[in-house]
Structure formats: C-alpha cells, structure tokens
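Structure assessment
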Amino acid sequence: MSFLSTNPTTPTVAAPVQPPPNRLFWRWWRKQSPSQQDRYATLGPLVSVLLFLAAIIAAFWYLRNEELEREQESVRRDTEVVQQQIRLRLVENQEQLLRMAREISLKQVNADQFMHQASDFVRARPELISLSWMQANASVKATHLALNIPMQPNQGLDLGTDTSRDDLYDPLQQASEPKSAFRLARERGQPVYTQPYTNQLATKVILLEIPLIDRSGFNGTLVAEYSLEALMRYLVPRDVASRHAMSLVQINGEVLTSTIGSNSDTRPTFVHEVMVTPVGNGLILRGMGYRTSSKLIGNTLFWMVMALSAFTVWTLMGTLRHMRRRAQIQKTLVQETNFRRAMENSMLTGMRTIDLEGRITYVNPAFCAMTGFSEEELIGCVPPYPYWPKDRLDEFNRMFQQELLGRSPMGGVEVVMQRRDGSQFDARLYVSPLIDAQGDQTGWMTSVTNITEAKRVRDQLTAAHERFTTVLEGVDAAVSVVSVHRGELLFANRTYRLWFGANPDAHSQLTGGEPPMNIFGDDEAVDGFGGLPSQELTDAGSDSREVFMENIHKWFEVRARYVQWTDGHLAQMLIATDITARKQAEDAAARQAEKAQFTSRLITMGEMASTVAHELNQPLAAIANYCSGMVSRIKAGNIDEEQLIGALEKTSRQAQRAGQIIHRIRQFVKRSEPQRQTSRVRDITDAVIELAGFEMRRRRVTFNAVVANRLPLLEVDPILIEQVLLNLLKNAAEAIDSAHMPQSRRLVELRVQTRKNEDGGRVVEFVVSDTGPGMKEEMLSRLFEAFHSTKAEGLGIGLSLCRSIIESHHGRIKAENIYNGSDVVGCRFICTLPVESGAASDFTDTITPPANDLLADNP
C-alpha cells in the first residue's frame, strides 16, 4: 500500500512496506533447524500446561497464606487483650495496696483494722490467695487467707484448737523467691514482684511486696499473693478462651498455668508472646492458635485439574526424551573438554603422569612453567628426568623406586627441583595411582607444589618465635596464657615457672579465682559473653588489679586480656608484676601519715593547754564555792531541803560541764585507726565549736557558727574532720591575735551548707573565714606544702595534713583572701566533702539552734 503526495510540485514517493507480525514469525521459523523446530513445537504445550499449573498452585497458596495471616493476627490481638486485662487489674490492685500501705505507715491502721480491710479486699478479688502484713524482721504481724483456696486431698494447714489458718500461714516461710523480694523491697523502697514459685499450698503464685516506710525508715512490707491459675481463670475473657489457648510461662519456657490444661500434646501453629507487666521477672503471656483444615485441599475440581495437568506433562515428557538424550551426550562431551582445558590452564599445582615403566605421559602447563621445560621436552622422558638436580640423582632414584612400588608417604615428600636455567626451588610431591575405566592401574599421578615461599615464611616465623620467647623468658614479670575452652596452660615464661611452676591454677587465682574454662561452648568462642564476637573481646583493653598470693607471700599487679591464639581459639593472657616492695613502702607511708595526724592533734591540744586549764578552773571553782556555801549554811542551820537540793543541782551541772570538756579533749586526742562511718554533720560541728570556743575566749575573738538544717549524712572519719576544722579555726584566731586587730575586726565565722559542684553532684561545704590581715599571694600558692609555715615557730605540717585528710575523703580544700575593693580584709578556707548518691538527710536537727556567739568575755 502506498501514499501519494497531494502537492503537485513534489514527486511521488512510496513508503517502505512493513510485513505483518505473522509473516515475521514464519521467517524466523524457517531459519531454525529441524531439531530446534521439533523442540519448540513440543515445548509450547508443555510451557502452557506448566504455567496453568503454576497459576493454580499460586492461587491455592495465596488463599492459604491469607487465612494463616488472619489467624495469626487474631492470636496476637487476643493475647494483647488478655495482657491489657491482667495489667489493668494488677495496676489497680497495686494502687489500692499502696494506699493501704500508706495508712499502715502513718499508724492509722492496727492489726484488727487491717484484717477487716484485707477481708474486704481479698473477697472482691478472687485472684488473691492472701494479704499479709510483714514486719521489718520478716515476721508475720497479720495475714488473711482467701476462703476459696484450692486444697489437695492430703494437704492443709495444721490448725490447733485455738489457732486459725490465718495465724499459721506465712508467705515467706519456704521458698527463697519471697525472701529475695523482701530484701529488694527493703533496699529499693519500691514495690517488687517475685518470680513465680510454688507456695506451701502447692499453688503456682507470685508475690507483690510493697514496703512500709515511716519516718524511722523501713518498717516491713505489705504482701499480696496472686494465684497464677486464678489470674488466667478470672481475667481471660470467655470469648478469647473459646478461640485461643492462653498460658503463663517463664522465660525458660516452663509452662506455669494454661487455659487448656497441661496434658495437651497438640503443638500450636500460631504463637504470640508478650511480657506481663508490671510483674516482669521473665513472666510471659503466651497466646496459641491451631491450624484448621483447608477446604481447598478437598475440592474435587482442584484435584481434577491437577490430575489432568500431570497427565499432560507426562505425555509431553515422552516426546522430549529422545532429544534430551542427544543433548545430554553433546553437553557431556563439551563439559569434559572445557573442564580438562580449564584445569590445565588455571591450576597452579603441577601435574605429571608416568606409566608403569616410568615414562612421562602427561604434564600440565603449571608443571611446565614451574620447571621451565616445554611439554614436548618432557613427554616420553625416562629417569633421570631433566628437572632432577645433578648432585642429588641417587636420592631421586631411591624416591622414584619407592614411587613405583607404591610406598610414597601419604603426606607427601619435600624435594629440591631444578629449573631449566639451573636455579633450584623447594617442592612437595604427592603421588597417587592412576586407575582407568576398567579399574586397572595404568600409571602414577604426581602433583607438585612450589613451597619455596611458604618454607621461607615458616623459617622466619620460627626465628621470630624464638626471639619472642627469648624476650619473654628474660622479663622479670610472670607471663602466662591459658586456653579459655580447656583451661590448659598454653604458655608460661621462666619467671612464672619459677614462682608457680606449670600449674594453671595460679593463673586462675591471679585473675580473681574464677577459671576461664567452661564459660564458652565447645565450638562457640563467645557463648558465655552473651554472643559477643571474639573480635570485640580481643580488641578490648587489659584491666589492672592488685592480688596477694599467700603461698609465696607476694603482691602482684595483674593485667589480663583476651587474645586469639595461634589455633584460632580464644585465650587469656596474663602479666603479673611483683609489687611487694611498693606495697610495703605504701604501708609504711600510711603508718607515718597516721602518726603525723596523731602528733598534730597532740600539738594542737598542747598549744591549747592553758586555755583548757582556764576553762576547767571555772567549773571547779564554782563547785568549791557551792560546797563551802552549803557547809556554812548547814552549820548555821539556816538552809532547808529545797535550797539544799537546788545548790546540789547547780554543783552537779558544773561537774558535768567539766566532765564534758575532758570528754571532748579525750575523744579528740585519742589515737585510733582511721574508720569511716555514717556521721551527722551536726555532731562534728558541735564538738568543734565547743573545743574551739576555749581558744576564742582566751584570745578575745568573736566566734559565729552558722550550720544549715537537714544536712545529708556523710561517710567520713569524724575525728579527722574535727581535726581539720579545729586546726583552721585555731589558725584564724592566732592570725587575728598575732596581728593585734581591734575588737571590731576580731571575728571568726564557721559556715556549713550544701551545694552542687561543677559535675552536678552534691557536696557539704565548710567555710572558715576571719577578719585578720590575710596572706600574700605567693604564700597562698605554697600554703599546703609540707614543712612550709607562715608562723615563725610553726612546723608546717598542719595545713598539709588538712589537705591530705580532705583529699583522702575525695574532697577539696582551698584558701583565698577576702577583698574589699583592693584591700585585703580577711582570709577564707573552703573545704568540700562529697555526698554519697542516695544518702539520707539528717532530720533530727530541723529545729535551728541559737547561733553560737562566743565572745571574749568569760561566762
């Protein structure tokens, strides 16, 4: 068909003719060979049947999978509904029990009232077995058992004539789980659930321990006992239980209770597990569904289509059988040819074949490249072969005779071979018999591997190992390596063997007493570390610790890390350095520091001896005056009994005052081992204020003490902290008195408060400030150096000891001048001590005492 142009000036042009699609197909068909035409003609119906069969199977599996997904979603939805029901019920009960515990802690409920409330509470909640009031010593103060507790035929509580079962039931009596939860509730101060266990009524239960805390601290717990079987019976909706099975299991897979009983052998098809909150502790709610039979499998039409398709495929396969045989033979021939050529061209191992007479019948290209001889030069050669070294012909002849007799070693033999250019190389030969298709031996096949480079590397590694071993043998520290899997001592240097012998137990003691063996499986190198890869362990740095070995009486600094041994398995390497001399020096230094602290306290009290004597003289003089006055009035007969008692009471108060002064001094000076304990800041400051007051009054210095209320408790040695504060206060008074300051500037202040440091942690701050002359800046920088003093008669150990004491308590101390513009108007010492996280506050000093204003005048 052609189209003509309508423009008369344009010549007529015919468009190219496009053949129809069927004509193109027939052109392609005629180009094919007869065998290919037969194959395509047969494959057409076969492909059609296979596509139809695939469509039927795909539709079947699609419908089945959709049904399974709906069932799985139903199981998941029902499991989450039951989880929500249990969670809401447990949370609601916990809120009610917290309210009841608060009333008990506030002393608003006694035992009888508790029994009445517990009866109403348990009666409205069938999942509860008991509700108990436990005291701080884990004894039962009151308990109420539910009336509907299931009992076994031979089980029960041994009740006397006057004893109720409520009085004999103890939820903490047998199992260890309640006791552990009781300790956790006491330590954390929060509600704690136990792990599931079997109580004395042979019932699977969990306990809820709610701590009772009042102002004095922990006062017991309120214990609610839940029956797991009742939780499932009352909290699983009926429609959910009718559709799917629900069970409570532990994290290790143990089934605690189930809605279908424990004797069911049918394995569920669909399983969905969720954690039971707020219980936790590995308690899991498991929803289970079971597969239903498919109606599609019994459909007659489906099976008819399947049978018809199978029959069609079977008939079509017969027509392809002869073409497959022909194609198989051709394919096998091509594969054998290609395989032989690929082996010859790609193998790096040299292959050589000889017949039974020793004549070379085949060599591959790798063998030719290895020896430098061509295939034509080697084929047909007989011994001696051209690649045998001239100086080793006898050796090679003996090996060749062994080869012909079939006595070559299975592991191969190392030889030296010679190339065409005369150079030699190391090789390993493996010989095996050559068997033909009839099973007869026709010769020997020899594989040759060039091991020159491998041998060189092996020799270098051997030399490096010897050098490394020599270095380790010369090290003064003990070095050992123990296999993590077998606990076997893989390496120990000379020092280790000298101290401990070849015993791997010493390695275990140095690493903490826990042998590294059996923490992993036989094949897995890291099972005991929660699946961490061995690379993470070997990359981790070594930890350092100090260990004392009693059998040899030595201290060691031990560094251990995990390494990958030469066999690829995980091992632990340990380096133990003898630090006995260093530890002895440290102990000696600690004893000297303790003696210095004691000496400093003696020096302080020696300097204050006259002041203390003056303070003691006042109450003693008052006692003498009261006694002489009472004697005179008794002799005169003008004193009655009430006046006598008043005078004696005043005399007693003066004696108590003198005894208190002596007790404070004795406690301060008494030598004892440093002992940290939980201390009240108020007790420390009271002792310091009383002792420092003597010195302040003697030097006519006004002393103000401002101590904040509700200060946290500190883990310190109170005597050492008192020594620091007393030293700072005494130095402040001496500085004011030595500078002859006027009375308006004779003031020392002690201020104690809490604040946060730069890291955000809480500290207790002690600030000692005075209105003295201050210090020079160059003296401030050396103020805390040992044997550096600002006083002419000073020893220079007071402030140095103060810094050592504060820093040993992980605190800080610093000194600074107080400025008024550019003028120095005093000096300030600031000491901070850290507060332990979670430390309680001292509520016994909430009533602010009157400010300690100690004037220079005598009382």
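What you are looking at is a predicted structure, and each value in this text was computed from that prediction instead of being measured. (Residues numbered from 1 in each chain as written. Predicted model: local features only at pLDDT ≥ 70, side-chain atom pairs only at ≥ 80, totals over all residues. Heavy atoms only, no water.)

Turning our attention to the overall build of the protein. In terms of helices and strands, the protein carries 22 helices and 28 strands. Taking all contacts inside the protein whose residues are at least 6 apart in sequence as the whole, residues at least 24 apart take part in 60%. Accessible surface, the protein as shown: approximately 50000 Å² in total, 53% of it carbon and sulfur. (Helix = DSSP H or I, 4+ residues; strand = E, 2+ residues; numbered from the N terminus. Contact = heavy atoms within 4.5 Å. Areas by Shrake-Rupley, 256 points an atom, 1.4 Å probe, with all protein chains shown as cover.)

With that out of the way, let us pick up the sheet that holds strand β12 (residues 360-363). Consider a sheet: its strands pair through backbone hydrogen bonds, and that pairing is either parallel or antiparallel. Ordered in space as β12-β11-β15-β14-β13, the 5 strands form an open sheet in which the pairing is antiparallel. The sheet is open, and its two borders are formed by β12 and β13 (413-418), each paired with just one other strand. Each strand of the sheet is rotated relative to its neighbour by a mean of 35 degrees, with strand direction disregarded. (Pairing = 2+ DSSP bridges. Axes fitted to C-alpha atoms, helices over the stretch in contact; angles between N-to-C directions.)

On the secondary structure map, lysine 814 appears in strand β26 (residues 812-820). On the basis of relative accessible area, lysine 814 is assigned to the partly exposed category, the value being 46%. Considering only alpha carbons, one finds lysine 814 and phenylalanine 829, 15 residues apart in sequence, at a separation of 5.8 Å. When neighbours within four sequence positions are excluded, lysine 814 is seen to be in contact with Phe784, Arg828, Phe829 and Ile830. (Buried < 20%, exposed > 50% of the residue type's maximum accessible area, 1.4 Å probe, protein only.)

Let us look at the side chain of arginine 286. Along the chain, the position of arginine 286 falls in strand β10 (residues 284-289). Overall, arginine 286 belongs to the buried group, its relative accessible area being 18%. Here glutamate 273 takes part through its side chain, which lies 2.8 Å from a polar atom of the side chain of arginine 286. Apart from residues lying up to four places away in sequence, arginine 286 is in contact with Ala245, Met246, Ser247, Val249, Gly253, Val271, His272 and Glu273. (Polar contact = N/O pair within 3.5 Å; in protein donor to acceptor, adjacent residues only side chain to side chain.)

For the coordinates displayed, the defined rule picks out 30 salt bridges. Note that glutamate 273 is salt-bridged to arginine 286, the shortest N-O span being 2.8 Å. In this pair, glutamate 273 sits in strand β9 (residues 270-275) while arginine 286 sits in strand β10, placing the two residues 13 residues apart along the sequence. A salt bridge links glutamate 557 to arginine 582; the nearest nitrogen and oxygen atoms lie 3.8 Å apart. (Salt bridge = Lys/Arg side-chain N within 4 Å of Asp/Glu carboxyl O.)

All right, on to the pairing of strand β17 (residues 489-492) then. The side chains of a regular strand alternate, first on one face of the sheet and then on the other. Looking at chain direction, strand β16 (residues 478-483) and β17 are connected through 3 bridges and run antiparallel. Bridging from a neighbouring strand, serine 480 pairs with alanine 492 of β17. From the end of β16 to the start of β17, which pair antiparallel, there are 5 residues, and glycine 487 there has a positive phi angle of about 70 degrees.

On average, the protein scores 77 in pLDDT, and the residues at 70 or more come to 76%. Mean pLDDT per element in the protein: strand β28 (residues 852-854) is the minimum at 42, and strand β25 (residues 762-770) is the maximum at 93. A low-confidence stretch, residues 151-163 (pLDDT under 50), is modelled with 16 contacts involving residues beyond four sequence positions or located in other chains. In this model residues 515-532 is a low-confidence stretch, pLDDT under 50, and it forms 38 contacts with partners more than four residues away in sequence or in other chains. (pLDDT = per-residue confidence, 0-100.)

This next bit is on the packing of aromatic side chains. Describing an aromatic ring pair means giving the distance of the ring centres and the angle of the ring planes. Scanning the model with the defined rule gives 13 aromatic pairs in all. Arranged with centres 6.0 Å apart and planes meeting at 80 degrees, the rings of tyrosine 385 and phenylalanine 400 form a pair that is edge-to-face. Of this pair, tyrosine 385 sits in the loop between α10 (375-378) and α11 (393-404) while phenylalanine 400 sits in helix α11, and the two are 15 residues apart along the sequence. In this pair, the class of tyrosine 385 matches that of phenylalanine 400, namely buried. Ring pairing ties together the aromatic residues Phe367, Tyr385, Tyr387, Trp388, Phe396 and Phe400, which thus form one cluster. If you follow arginine 125 out to its NZ or CZ, it ends over the ring of phenylalanine 121, 3.9 Å from the centre. The ring of tryptophan 133 has lysine 141 sitting right over it, with the charged end atom 4.3 Å from the ring centre. (Phe/Tyr/Trp six-rings, centres within 6.5 Å; stacked < 30°, edge-to-face > 60°. Lys NZ or Arg CZ within 6 Å of the ring centre and 35° of its normal.)

Here we come to the state of the cysteines. Applying the stated rule across the entire model yields 0 disulfides. Cysteine cysteine 802 remains unbridged, with the sulfur of cysteine 831 as its closest cysteine sulfur at 7.3 Å. (Disulfide = S-S within 2.5 Å.)

Glancing now at the nonpolar core. Among the nonpolar cores identified, the biggest contains 46 residues, and Phe703, Ile721, Leu729, Val748, Val752, Phe766 and Phe829 are the most heavily contacted of them. Looking at this core, the elements with two or more residues in it are α19 (681-698), β22 (702-707), β23 (714-716), α20 (718-738), β24 (747-756), β25, α22 (798-808) and β27 (823-834). Ranked by the residues each element gives to this core, the list is headed by α20, at 10 residues. Leu97, Ala118, Ala224 and Met246 belong to the second-largest nonpolar core, a separate cluster that totals 39 residues. (Core = buried A, V, L, I, M, F, W, Y, C linked by side-chain atoms within 4.5 Å.)

Between α19 and α20, the least distance of the axes is 9 Å, while the angle of their chain directions is 30 degrees. Here α19 is positioned roughly parallel relative to α20, judged by the angle of their axes. In this structure, the crossing between α19 and α20 has a hand that is right-handed. Across from Asp683, Ile684, Ala687, Val688, Leu691, Ala692, Glu695 and Met696 in α19, the residues of α20 making contact are Pro718, Ile721, Glu722, Leu725, Leu726, Leu729, Lys730 and Ala733. Grouping the constituent residues of the contact of α19 with α20 by class yields 12 nonpolar, no polar and 4 charged. (Parallel < 35°, antiparallel > 145°, perpendicular 65-115°, else oblique. Left-handed = near helix turned anticlockwise from the far one by under 90°. Nonpolar A, V, L, I, M, F, W, Y, C, P; charged D, E, K, R; others polar.)

What follows concerns unusual backbone geometry. Here the bond from threonine 277 into proline 278 is cis, since omega is 5 degrees, no more than 30 degrees from zero. Residues proline 383 and proline 384 are joined by a peptide bond in cis, for which omega reads -5 degrees. Within the element layout of this structure, proline 384 appears in the loop between α10 and α11. Although it is not a glycine, arginine 700 adopts a positive phi angle of roughly 55 degrees.

The strand order across the open sheet built from 4 strands is β8-β7-β10-β9, with neighbouring strands paired in antiparallel fashion. The sheet terminates laterally at β8 (255-258) and β9, the two strands that pair on one side only. Going from strand to strand, the sheet's axes swing by 25 degrees on average, the running direction of each strand aside.

What follows covers α20. Between its first and last C-alpha atoms α20 spans 30 Å; for 21 residues at 1.5 Å apiece the expected length is 30 Å, and the two agree. With 17 of 21 residues buried, α20 lies mostly within the body of the structure. Once α20 ends, the next one or two residues include histidine 740, with phi positive near 50 degrees. (Expected span 1.5 Å × (residues − 1).)

As for its position among the elements, glutamate 695 is in helix α19. For glutamate 695, a relative accessible area of 2% puts it in the buried group. When the C-alpha positions of glutamate 695 and glutamate 734 are compared, they lie 9.0 Å apart, and in sequence the two are 39 residues distant.

Before going further, it helps to spend a moment on the side chain of glutamine 572. Position of glutamine 572 relative to the elements: it lies in strand β20 (residues 570-578). On the basis of relative accessibility, which here comes to 9%, the residue glutamine 572 falls in the buried class. Here histidine 507 takes part through its side chain, which lies 3.1 Å from a polar atom of the side chain of glutamine 572.

This part takes up the pairing of β27. Two strands pair when backbone bridges link them, and β25 and β27 are joined in this way by 8 bridges, in the antiparallel orientation. Among the inter-strand pairings, valine 768 is bridged to a residue of β27, identified as phenylalanine 829. Here 9 bridges tie β26 to β27, and the two strands are oriented antiparallel to one another. Each residue of the ladder has a partner; that of isoleucine 813, found in β27, is cysteine 831. Counting the residues between successive antiparallel strands, the hairpin from β26 to β27 contains 2 residues, one of them, glycine 821, with a positive phi of roughly 75 degrees.

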